[in-house]
Amino acid sequence: MRKALVVGGANGIGLSIATRLAKRTDIERIYIVDKELVSEENSNPKFESIRFDLTSEDYSIFDGFKDADCLMITAGFGRLSLFKDINEQHISSSFCVNAVAPIRIIHHFMDKLMGQEDFRCGIMVSIAGFMSSPFFAVYGATKAALKIFIESVNVELEKGGSPNRILNVSPGSIKGTGFNNGKTDLSLTQSLADEIIAHLEAKDDLFIPQYEEVFKTVLARYQADFREEGRHSYEYKLNSKRVNIQ
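Small disclaimer: the values here were computed from a predicted structure and weren't measured.

Undergrad: Give a detailed account of the overall build of the chain, specifying residues and quantitative values.
TA: Summing up its helical and strand segments, the chain has 7 helices and 7 strands in all. Shown N-terminal to C-terminal, the secondary structure of the chain runs as helices and strands in the order β-α-β-β-β-α-α-β-α-β-α-β-α-α. For 246 residues, the compact-globule estimate of 2.2 N^0.38 gives 18 Å, and the chain sits close to it at 18 Å. Each of the three principal axes of the chain carries a C-alpha extent, and together these read 50 × 45 × 35 Å.

Undergrad: Give a description of the pattern of salt bridges that names residues and reports values.
TA: In the structure shown here, the tally under the stated rule is 17 salt bridges. The partner of Arg-2 in a salt bridge is Asp-69, with the nearest N and O atoms 3.6 Å apart. Placement of the pair is Arg-2 in strand 1 (residues 2-7) and Asp-69 in the loop between strand 3 (47-51) and strand 4 (70-73), with a sequence separation of 67 residues. Note on Arg-2: relative accessible area 15%, which makes it buried. The buried category is assigned to Asp-69, whose relative accessible area is 19%. Between Arg-2 and Glu-201 there is a salt bridge; the shortest N-O distance is 3.1 Å. Residue Arg-2 is found in strand 1, and its partner Glu-201 is found in helix 5 (residues 186-201); the two are separated by 199 residues along the sequence. One connected set of salt bridges, linked through shared partners, spans Arg-2, Arg-24, Asp-26, Asp-69, Asp-118, Arg-120, Glu-201 and Lys-203.

Undergrad: Let's hear about helix 5: which residues, and what values?
TA: Its 16 residues place the ends of helix 5 21 Å apart at the C-alpha level, agreeing with the 22 Å of an ideal helix rising 1.5 Å per residue. The axis of helix 5 is deflected most strongly, by about 25 degrees, at Leu-192. Listing the buried residues of helix 5 in full gives Thr-189, Leu-192, Ala-193, Ile-196, Ile-197 and Leu-200. At its buried positions, helix 5 is contacted by helix 1 (12-22), strand 4, strand 5 (120-124), strand 6 (166-169) and strand 7 (206-207). Among the residues trailing helix 5, Lys-203 stands out with phi positive, at a value near 60 degrees.

The rules behind these values
- Residues numbered from 1 in each chain as written.
- Predicted model: local features only at pLDDT ≥ 70, side-chain atom pairs only at ≥ 80, totals over all residues.
- Heavy atoms only, no water.
- Helix = DSSP H or I, 4+ residues; strand = E, 2+ residues; numbered from the N terminus.
- Rg over C-alpha atoms; globule rule 2.2 N^0.38 Å.
- Salt bridge = Lys/Arg side-chain N within 4 Å of Asp/Glu carboxyl O.
- Buried < 20%, exposed > 50% of the residue type's maximum accessible area, 1.4 Å probe, protein only.
- Expected span 1.5 Å × (residues − 1).
- Bend = angle between axes of the 7 residues up to and from the residue.
- Contact = heavy atoms within 4.5 Å.

Okay, here's the thing in structure tokens:
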């Protein structure tokens, strides 16, 4: 029977992925590591909820999950704001949780990734890691770091003869998560969770939800003129009423 580890799985898309995995008969246990424990209303007999703060110095806790054959890292946060209005603590915390933490966790599982046995692994990144994103300068920078990290390590895995890959999941805005002070609603994230799991099982290296419908055109515009697309992104966020300029 298989075991999975979901880091950041107490809420949002992480909880949705864990909940969908729990419905599978081949999954015996799902370890959920988060700064919060899974709430009673979202608990599941297959869940083992462990509290851990990703800003901690000691990551040896992750050596205790060597029986897992699936790792999904979904922890992360962001705040829409002009860079001038963000404090320094937010900058350091963002890089610590969004970028450094996933990289450190992956380092603890490199023996699994480099092995010949199947090891499914994925990280929630963001479409903001592919292009300039005004009001999301720090968040986008953390995700861009993850994007390049994943692409680089995947080449190392391929050249090392491993059949395993790290899946980069890079969506736009997701409804039904706690991101940007939203509220978790599993009914809104179920289909995306199923898609992510399918790409994990296929050992894909990149999944951009709504690529054909939305982001293929956006990325093409960005490649053609990153300055103009940056201006477009700025105006789009202003007009969406998601941000306010003081």
